[in-house]
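Now for the letters of each chain:
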Amino acid sequence: VQLVESGGGSVQAGGSLKLSCVVSGYISTRCRMAWYRQAPGKERELVTSISNDGTTTYTDSVKGRFTISQDNPKNTLYLQMNSLKTEDTAVYLCAAASGWLACEYRYWGQGTQVTVSS
């Protein structure tokens, strides 16, 4: 199984970016997908997630600005990021959770850099 992110880059504050994550390989008990981010010197943070039934969660700092979505036939996860702020600067990682008894993030991409300048 491979997760490959793309779409990162440099943008000015207030701008937008759309990240994509293509999942190669079959995850039989996949239950949830997510975007995490990690800024220099900070812990990895769960930004947003989406379950198989489409239920989404967002960390407070991105509510109303970021939107997670998935295209199941294309095995692709997206993150639309609008009204970007300098504090959104980080490496963004795609993650896939699986498991029958416990839905845990077991598969990770390498990440894509997002840099927001003022």
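Notes on the structure follow.

The full count for this structure, using the stated rule, is two disulfides. Across the disulfide, Cys21 is cross-linked to Cys94 (sulfur-sulfur distance 2.1 Å). In this structure the cystine formed by Cys21 and Cys94 twists about its S-S bond by roughly -75°; its chirality is therefore left-handed. With a gap of 73 residues between them, Cys21 in strand 3 (residues 17–24) and Cys94 in strand 9 (residues 90–98) connect regions that are remote in the sequence. In this model, Cys31 is linked to Cys103 through a disulfide, with the two sulfur atoms separated by 1.9 Å. Looking along the S-S bond of the Cys31-Cys103 disulfide, the torsion reads about 105°, which is the right-handed sense.

On to the nonpolar core. Among the nonpolar cores identified, the biggest contains 25 residues, and Met33, Trp35, Phe66, Leu77, Met81 and Tyr92 are the most heavily contacted of them. Mapped by element, the contributors of at least two residues to this core are strand 3, strand 4 (30–38), strand 5 (45–51), strand 7 (66–71), strand 8 (76–81), strand 9 and strand 11 (112–117). Setting aside chain neighbours within four positions, we find Met81 in contact with Gly15, Ser16, Leu17, Leu19, Arg65, Phe66, Tyr92 and Val114.

Further remarks concern the side chain of Thr48. Inspection of the secondary structure assignment puts Thr48 in strand 5. Looking at Thr48, the relative accessible area reads 0%, which means it is buried. Here Thr57 takes part through its backbone oxygen, which lies 2.8 Å from a polar atom of the side chain of Thr48. Contacts of Thr48, omitting those with residues within four sequence positions, involve Met33, Ala34, Trp35, Thr57, Tyr58, Ile68 and Leu79.

We now examine the packing of aromatic side chains. Under the criterion given, the structure shown has three aromatic pairs. With a centroid separation of 6.3 Å and 55° between ring planes, the pair formed by Tyr105 and Trp108 is classed as tilted. With relative accessibility at 32%, the residue Trp108 sits in the partly exposed group. By the ring-pair criterion, three or more aromatic residues cluster together here, those being Tyr36, Tyr105 and Trp108. Taking NZ or CZ as reference, Lys18 lies 4.7 Å from the ring centre of Tyr78, over its face. A cation over a ring is seen here: Arg44 above Trp108, with NZ or CZ 4.6 Å from the ring centre.

Conventions used here
- Residues numbered from 1 in each chain as written.
- Predicted model: local features only at pLDDT ≥ 70, side-chain atom pairs only at ≥ 80, totals over all residues.
- Heavy atoms only, no water.
- Disulfide = S-S within 2.5 Å.
- Helix = DSSP H or I, 4+ residues; strand = E, 2+ residues; numbered from the N terminus.
- Core = buried A, V, L, I, M, F, W, Y, C linked by side-chain atoms within 4.5 Å.
- Buried < 20%, exposed > 50% of the residue type's maximum accessible area, 1.4 Å probe, protein only.
- Contact = heavy atoms within 4.5 Å.
- Polar contact = N/O pair within 3.5 Å; in protein donor to acceptor, adjacent residues only side chain to side chain.
- Phe/Tyr/Trp six-rings, centres within 6.5 Å; stacked < 30°, edge-to-face > 60°.
- Lys NZ or Arg CZ within 6 Å of the ring centre and 35° of its normal.

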